[in-house]
Amino acid sequence: ENGIERPQGYNVSYHYNRRVENMHFGRTHPMKPWRLTLTKHLVMGYGLQFAMDNYDALPASKETVAAFHDEDYVDFLSKVSPQTFDELCKIYEDRIPQSADCPVFDGMQEYLFLYTGATMEAVSALTNHQSDIAINWSGGLHHAHKSEASGFCYINDIVLGIVELLKCHQRVLYIDIDVHHGDGVEEAFASSDRVMTLSFHRYGIIDEDSREKHLFFPGTGALNSNGNEKSIGNHFALNVPIPKGIDDDQFLYLFETITGRTLEHFRPQAIVLQCGADSLGGDRLGQFNLNIRAHGECLAFVKKAGVPLLILGGGGYTARNVARAWTHETALAVGATLSEELPMHIVPRPQAFMGREHGDGRLYPELAGFHKNNVTQKELDLLVEHCHE
Ligand code: V1S
Ligand code: CA
Ligand code: ZN
């Protein structure tokens, strides 16, 4: 009815629990789980659910989460709420603070274990050979550390997913196109030669013209940071630090050259792609000028490697564009082409996508030009040369 058929070739599965949608980090907090509602509306509006296996994700167990995280930290997360926080702080002796970036909010325990459960279920679909590509847009929370929340991330579902993939695959490649450095994942596997991490991110001073010289979060991911030098993991981490304003052609040149060479040399048996949508132009926190099609090209490029592929979300703070990008990327995964006109008659909240400011009811509005492009060809060449070396 929607013109979407089950294409031959790739089995794609979609892992999600809609209970993640109703969480609130706080009024001024940029992370809005409501972006996942919008994404669901577009994915279903286009009828993409008929081209995939759809799973209702269950929460991850504490044991699953403890495969990477510290046991006390897991215990704390499993009990925490605004009501229990003060009591828990006495037990854990203030070792687990809350912050503006990682607040304690109602229902957070459910949210954390659900996005993690969806990633674990997606990994199972890959390792059971039920899926060639498994998608969890609610996952991809790359900053969480072993016993510390950071940058809106509390449980590192990516690390947990990779640990599980390593039970079946000798080498796993992690690629991260979120505008922020994938520090938590890099750190977890810095001493491993079985996991290669490759992050593309904004790096450097946020605003050169301002008196305050704050670094773009989290401030790590320099070009010469390539894994634990004293271990077998040395050279199994790649970082591509990028100045403000990079455009589609420049980003794709970096992505395809560096990822292409990484695939040739590392020969991964499985790939995890974190598709943070804050690298799009017009993002509330990001500083790149990427359009939705260029962001999607990264997924299309990685899909061609033909190995089991786990696709995850991550950042993304202009909700309507997050929904557009992840819907386009779901279509790329299943091999469908979508009409430029959004299916407004089916989408429950069409006003989110309407009006000139909101993209005029189109799937691919122009997103470039919000930031001055500070990237030169010489810089691109330097990045490529270092990574190749
Ligand atoms: N950039 C940015 C930014 N904005 C905020 C923020 C703003 C309002 C709030 F009410 C709460 C937080 N925090 C940050 C960054 C963290 C960015 C995390 C990105 C996550 C991801 O997309 O990669 C994956 C999901 N935090 C900081 O810059 C730290 C501060 C240094 C400045 C902001 N204040 C609130 C905390 C300290
Ligand atoms: Ca990144
Ligand atoms: Zn981000």
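Residues numbered from 1 in each chain as written. Chains lettered and ligands numbered in written order. Predicted model: local features only at pLDDT ≥ 70, side-chain atom pairs only at ≥ 80, totals over all residues. Heavy atoms only, no water.

1. Notes on the overall build of the protein
Item 1. Along the protein, the regular secondary structure elements total eleven helices and eight strands.
Item 2. Here the protein has a C-alpha radius of gyration of 20 Å; the compact-globule value for 389 residues is 21 Å, and the two agree.
Item 3. When the backbone C-alpha atoms are referred to their principal axes, the protein occupies close to 55 × 50 × 45 Å.
Item 4. Buried residues in the protein amount to 59% of all 389 residues.
Item 5. Total accessible area on the protein is roughly 16,800 Å²; 48% of this is exposed by carbon and sulfur atoms.
Item 6. Charged side chains in the protein number 33 positive and 51 negative. The centres of these two groups are separated by 2 Å. (Helix = DSSP H or I, 4+ residues; strand = E, 2+ residues; numbered from the N terminus. Rg over C-alpha atoms; globule rule 2.2 N^0.38 Å. Buried < 20%, exposed > 50% of the residue type's maximum accessible area, 1.4 Å probe, protein only. Areas by Shrake-Rupley, 256 points an atom, 1.4 Å probe, with all protein chains shown as cover. Lys, Arg positive; Asp, Glu negative; His and termini not counted. Charge placed at Lys NZ, Arg CZ, Asp CG, Glu CD.)

2. Overview of the pattern of salt bridges
Item 1. The final tally for this structure, using the stated rule, is seven salt bridges.
Item 2. Among the ionic pairs, Asp75 bridges to Lys62, the shortest N-O distance being 2.7 Å. In this pair, Asp75 is assigned in helix H3 (residues 71-79) and Lys62 in helix H2 (residues 62-65), connecting sequence segments 13 residues apart.
Item 3. Residue classification places Lys62 among the partly exposed positions, given a relative accessible area of 34%.
Item 4. For Asp75, the salt bridge identified is with Lys79, shortest N-O distance 3.0 Å. Taken together, the residues Asp75 and Lys79, both in helix H3 and four residues apart, mark about one turn of the helix.
Item 5. Salt bridges sharing common partners tie together Lys62, Asp75 and Lys79. (Salt bridge = Lys/Arg side-chain N within 4 Å of Asp/Glu carboxyl O.)

3. With respect to the coordination of the zinc ion (ligand 3)
Item 1. Within the first shell, the zinc ion (ligand 3) binds the protein through Asp178 (OD), His180 (ND1) and Asp278 (OD), at distances of 1.9 to 2.1 Å.
Item 2. Counting the intervening residues between successive donors of the zinc ion (ligand 3) yields the motif D-x1-H-x97-D. Note that His180 is positioned in the loop between strand E4 (172-176) and helix H7 (183-188) and Asp278 in the loop between strand E7 (270-274) and helix H9 (292-303), a separation of 98 residues in sequence. (Donors = N, O, S within 2.8 Å, 3.2 Å for Na, K, Ca; no water.)

4. Structural notes on the site of ligand 1
Item 1. As a matter of local geometry, ligand 1 sits amid 19 residues, with Asp101, His142, His143, Asp278 and Tyr317 nearest to it.
Item 2. Tyr317 places a side-chain nitrogen or oxygen 2.5 Å from an oxygen atom of ligand 1.
Item 3. Out of a free accessible area of 750 Å², ligand 1 has 68% covered by protein chains.
Item 4. A class-by-class count of the residues in the shell around ligand 1 yields eight nonpolar, eight polar and three charged. (Near = heavy atom within 4 Å. Polar contact = N/O pair within 3.5 Å; in protein donor to acceptor, adjacent residues only side chain to side chain. Nonpolar A, V, L, I, M, F, W, Y, C, P; charged D, E, K, R; others polar.)

5. Looking at the coordination of the calcium ion (ligand 2)
Item 1. The coordination sphere of the calcium ion (ligand 2) contains the protein donors Asp176 (O), Asp176 (OD), Asp178 (O), His180 (O), Ser199 (OG) and Phe200 (O), at a distance range of 2.5 to 3.1 Å.
Item 2. Bound by six donor atoms, the calcium ion (ligand 2) shows angles of 70 to 165° at the metal and therefore irregular coordination geometry. (Tetrahedral: all angles 85-135°; square planar, octahedral: opposite > 155°, others 65-115°.)

6. Looking at the nonpolar core
Item 1. Core analysis: the largest hydrophobic core is formed by 124 residues, its most contacted members being Leu48, Ile162, Phe200, Phe251 and Leu254.
Item 2. Tallying contributions element by element places helix H5 (residues 108-127) first for this core, with ten residues.
Item 3. In this view, Ile162 contacts Val172, Tyr174, Val185, Phe189, Val195 and Val272; residues no more than four positions away in its chain are not counted. (Core = buried A, V, L, I, M, F, W, Y, C linked by side-chain atoms within 4.5 Å. Contact = heavy atoms within 4.5 Å.)

7. Here we look at the pairing of strand E2 (residues 53-56)
Item 1. As defined by bridge partners, strand E1 (residues 12-16) adjoins E2 across four bridges and the pair is classed as parallel. Directly across from Ser13, in E2, lies its bridge partner Asp53.
Item 2. One crossover worth recording links E1 to the parallel E2 by way of helix H1 (residues 34-45), and it is right-handed. (Pairing = 2+ DSSP bridges. Right-handed = clockwise from strand over helix to strand, strands pointing away.)

8. With respect to the sheet that holds E7
Item 1. The eight strands lie next to each other as E2-E1-E3-E8-E7-E4-E5-E6, forming an open sheet whose pairing is parallel. Among the strands making up the open sheet, the edge pair consists of E2 and strand E6 (237-242). For this sheet, the mean angle separating the axes of adjacent strands, direction not counted, is 15°.
Item 2. With four bridges connecting them, strand E3 (residues 133-136) and strand E8 (residues 309-312) associate as parallel partners. Across the sheet, Ile133 pairs through a bridge with Leu309, a residue of E8. (Axes fitted to C-alpha atoms, helices over the stretch in contact; angles between N-to-C directions.)

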